[in-house]
Amino acid sequence: MTAQGSISFVVGEEKKLTDVLSESDVLPLLKSVVGAGLDLAAIVDMTGEPLWFFVPGETAPGAMLPLGTALECRPIILSGDIVGRVHLSAGEGIDPALLRFLARVVGDAVNSMVQTNLKRMMVTELHTKVVQMSYDELLEKNRQLSASEQKYRELAEHLEMRVQERTAELKQAYARMLQQEKMASVGQLAAGMAHEINNPLSFVLSNLETLEKYVRRLSEHAGFCEGQLRQSGSDDLAGRVEDRRREQKIDFILDDLSDLFSQSLAGAERVKKIVSDLRGFSHIDEAEYSQLDVNIEIDRTLSVLSSEIPADAEITREFGAIPLIVCRGALLCQAFLNIIRNALQAKPSGLKLLIRTAMNSKDHITVVFKDNGPGIAQDIQARIFEPFFTTHEVGSGMGMGLKVVYDAVSSCGGTVTVNSREDHGAVFVITLPVNGRTDE
Amino acid sequence: MIHYDTEAGIMVIKLVYYGPALSGKTTNLLRLHDLLPCSGRGDLMVLDTAQERTIYFDLLPFFITAPSGLKIKVKVFTVPGQVKHDATRKAVLQRADGVAFIADSQVRESLNNATSFENLEQNLALVGLDPGRLPLVIQYNKRDLPGIVAEDAIRSLWWSSGVPLFFASALEAWGVVETFQCLLRTTYAALDATCCLSARHGLSMEAFTCGLTVPDASPGMRER
Ligand SMILES: Nc1nc2c(ncn2[C@@H]2O[C@H](COP(=O)(O)OP(=O)(O)O)[C@@H](O)[C@H]2O)c(=O)[nH]1
Ligand SMILES: [Mg+2]
């Protein structure tokens, strides 16, 4: 770079992936993702040759790539061109959705690293190779360039932190998605079953009624025949019929029949109510937003939970006169269910649960759940609405519960708070606006 | 040309949007990015700083694959317009295959246009390109504004040069794709003469231009 115009540097020259990424950029990322239970995390070029990789334990370069049975790839793009791939593989045990999700996270991270590094390099190259200016200009440009380069360097440095933050965020989002999918599929299953049960149930009910009528007529007819017989004076015949009647315990049967009918009808009616509660609970037949009576929703929820409520549990309902509210019914029922279930699990025997609804102000209602369980320690109260936070044993499927409550209530425009002292039970207070339509 | 590797079957072409500061070069690329289907291009990369809009350059890459299998990458750059960034302009101009000169139509910018065009001619000579032979198109941008030079006056100014002339408003997104297509055509003509794009690679001018600028014009021709 001596004479004017003899610039050897060309802006825009092709770069390889190995020009813009370094081992120190990618290895920590690969390492951390392998820590999530993978067999291999690698960055490969277009021919599939590994440029960098990480396997648990052994990391000797050149070692054979152990290929797990589950595999996910994500393209790495350098100024618009696919130049390589992020390659993750794991054993059969891994949840394929989790693997896909991890691939997306690593893919995003590597791609934004490539982008940032490329910008930084272009700036630096211009900086060092191009400038032919007066000393003052050079100083000035240096200042601007280093400010800009600094910006990109900071970006790169913060990237790993951002990736970690994002990984945690995405993990939570993933868990919530799973939970929501589970909820949705349970609701759909319930609604589908309810439909299937409803049809036969309605003819069982109507047949039972008809049957009762028929039986009544038959027994009337038998009584009529016996009466005629007695009046006909044919004592011998009447006596034989009488004996036969005693042998067959017809009197007892006629007595019992009406009990059987009323019990069967009551049973079928109960099935019908459970089914309709289930449908109501899942809110499958309704638009997303509907007008609902919170008192009825709580009863429905209790009825759906009835099999989980032990005989010695004492649930007191103090329902106030409250107006209908507009909100997402399915979500609200799910919130009620999670709070009640939480109380049931916190105190498996001797639970006393008070559920109170009341008008709070002109346009808000409150729903209070007060239990006599072990309570929630002060220091963790602030955290119980976080996903995964659980005091239950790992694997009991809990942990998402109160986060779901929080999300559900928030999306109805309401708030939920907890008040508790250890050994003094817990009080959950949900406040809901009468019109809970949110724009979200 | 930035790169031509017949063995690997890769050609990398450089097109440059040149012009005075604030004439709308970056806006042109932004519009191309928005108007053209993303299947044939990469992302727009804007190198900026907190102080100024473009002190380095912007880059928007496009792709097309010729019937022969030749992968063609078209990298479109902008230069910083300010006088003091001349060194960067030269570096960006190095090995350019075609230039779109973006002028500002406003009467009060006429002198800046002229200065910048002179600077282009000088710099082309400095980086070893022949201003008389390099594919060049001119766009008068900001036609949506009041106080602009009349079309006739502009036409008569450039008529003798024979350079293709376009009127545009990058802000309102018209004239932008036409300018780019014309630049692609003239660039194609020059490349075809040296690299036999049509004879050796089976890529016609229309296939090249449309493949890069029209959605689904030639199925199977575009990469990704
Ligand atoms: N009115 C009008 N403004 C435009 C047009 N094109 C660009 N601009 C504006 O002109 C300014 C400079 O544009 P920019 O693309 O950054 O110029 P560059 O320095 O050549 O890259 C911006 O405020 C643009 O919004 C146009 O066609 N009409
Ligand atoms: Mg610009």
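Residues numbered from 1 in each chain as written. Chains lettered and ligands numbered in written order. Predicted model: local features only at pLDDT ≥ 70, side-chain atom pairs only at ≥ 80, totals over all residues. Heavy atoms only, no water.

Here we look at the overall build of chain B
Helix and strand counts for chain B come out as seven helices and eight strands. Per-residue burial over chain B gives 58% buried out of 224 residues. A separation of at least 24 residues holds for 67% of the contacts in chain B among residues at least 6 apart in sequence. Taken as a whole, chain B presents about 9,000 Å² of accessible surface, with 56% of it coming from carbon and sulfur. (Helix = DSSP H or I, 4+ residues; strand = E, 2+ residues; numbered from the N terminus. Buried < 20%, exposed > 50% of the residue type's maximum accessible area, 1.4 Å probe, protein only. Contact = heavy atoms within 4.5 Å. Areas by Shrake-Rupley, 256 points an atom, 1.4 Å probe, with all protein chains shown as cover.)

Regarding the pairing of strand E2 (residues 50-54) of chain A
All names here are of chain A. As judged from the four bridges shared by strand E1 (residues 40-45) and E2, these two strands associate in the antiparallel manner. Residue pairing across strands places Val44 opposite Pro50, the latter belonging to E2. As consecutive antiparallel partners, E1 and E2 are separated by four residues, and within that stretch Gly48 has a phi angle of approximately 90°, a positive value. (Pairing = 2+ DSSP bridges.)

Looking at the sheet that holds E1(A)
Residue and element names in this part refer to chain A. Ordered by their spatial adjacency, four strands build an open sheet running E2-E1-E4-E3, and the pairing between neighbours is antiparallel. Where the open sheet ends on each side, the last strands, each with one partner, are E2 and strand E3 (70-78). The mean inter-strand angle of the sheet, taken between neighbouring strand axes irrespective of direction, is 15°. Against the sheet, helix H2 (residues 23-34) contacts E1, E2 and strand E4 (81-90), and its axis sits at roughly 45° relative to E2. (Axes fitted to C-alpha atoms, helices over the stretch in contact; angles between N-to-C directions.)

Some details on the confidence of the model for chain A
Residues and elements named next belong to chain A. For chain A, per-residue confidence averages 75 on the pLDDT scale, and residues scoring 70 or more make up 69% of the total. The secondary structure element of chain A with the lowest average pLDDT is helix H4 (residues 135-232), at 67, and the one with the highest is strand E6 (residues 314-319), at 94. Every residue in residues 1-7 is under pLDDT 50, and counting partners more than four places away or in other chains gives 13 contacts. Here residues 59-64 is modelled with pLDDT under 50, and outside its nearest four sequence neighbours on either side it reaches five contacts, counting other chains as well. (pLDDT = per-residue confidence, 0-100.)

A word on the pattern of salt bridges
This model, assessed by the stated rule, comprises 15 salt bridges over all chains. Connected through shared salt-bridge partners, Glu226(A), Arg245(A) and Asp251(A) make up one network. (Salt bridge = Lys/Arg side-chain N within 4 Å of Asp/Glu carboxyl O.)

Some details on unusual backbone geometry
You will see that Lys142(B), though not glycine, has its phi angle at about 65°, which is positive. Along the chain, Lys142(B) falls in the loop between strand E7 (136-141) and helix H4 (151-158).

Focus: the packing of aromatic side chains
Residue and element names in this part refer to chain B. Evaluation of the coordinates by the stated rule reveals six aromatic pairs over all chains. Each ring, one from Phe117 and one from Trp158, has its centre 4.9 Å from the other, and the planes form 75°; the classification is edge-to-face. Of this pair, Phe117 sits in helix H3 (residues 110-126) while Trp158 sits in helix H4, placing them 41 residues apart in sequence. One exposure class covers both Phe117 and Trp158, and it is buried. Look at Tyr188 and Phe208: their rings are 5.6 Å apart centre to centre, the planes differ by 40°, and that puts the pair in the tilted class. Here Phe208 lies in helix H7 (residues 205-213) and Tyr188 lies in helix H5 (residues 176-195), a separation of 20 residues in the sequence. In terms of burial, Tyr188 and Phe208 fall into one category: buried. Ring-pair connections join several aromatic residues into one group, and the members of that group are Phe101, Phe117 and Trp158. The side chain of Lys14 reaches across the aromatic face of Phe77, ending 5.3 Å from its centre. (Phe/Tyr/Trp six-rings, centres within 6.5 Å; stacked < 30°, edge-to-face > 60°. Lys NZ or Arg CZ within 6 Å of the ring centre and 35° of its normal.)

Focus: the environment of Ile43(A)
All names here are of chain A. Tracing the backbone through its elements, the reader meets Ile43 in strand E1. On the accessibility criterion, Ile43 (0% relative accessible area) is buried. Along the backbone, Ile43 and Val26 are 17 residues apart, and their C-alpha atoms lie at a distance of 8.4 Å. Among all residues touching Ile43, those that are not within four sequence positions of it are Leu17, Leu21, Val26, Leu30, Glu49, Pro50, Leu51, Trp52, Ile76, Arg85, Val86 and Val110.

What to know about the nonpolar core
Counting residues in hydrophobic clusters, the biggest one holds 62 residues, and the most contacted among them are Leu21(A), Ile43(A), Leu88(A), Val110(A), Leu93(B) and Leu120(B). Take this core: its biggest share by element is twelve residues, from helix H3 (residues 96-130) of chain A. If near-sequence neighbours (up to four positions away) are discounted, Leu93(B) is found in contact with Val16(B), Tyr18(B), Val99(B), Leu120(B), Asn123(B), Leu124(B), Val127(B) and Leu129(B). (Core = buried A, V, L, I, M, F, W, Y, C linked by side-chain atoms within 4.5 Å.)

Structural notes on the sheet that holds strand E8 (residues 352-361) of chain A
All names here are of chain A. Within the open sheet, the five strands sit side by side as E6-E8-E9-E11-E10. Their pairing is mixed. A single partner strand is all that each edge strand has here, and the edge strands are E6 and strand E10 (415-420). For this sheet, the mean angle separating the axes of adjacent strands, direction not counted, is 15°. Of the pairings in the sheet, the one linking E10 to strand E11 (residues 426-433) comprises six bridges and is antiparallel in character. Bridged to Ser420 within E11 is Ala426. Of the strands in this sheet, E6, E8 and strand E9 (364-371) are in contact with helix H7 (residues 294-304), which crosses E6 at around 165°. Lying on the sheet, helix H8 (residues 329-346) is in contact with E8, E9 and E11; it crosses E9 at an angle near 20°.

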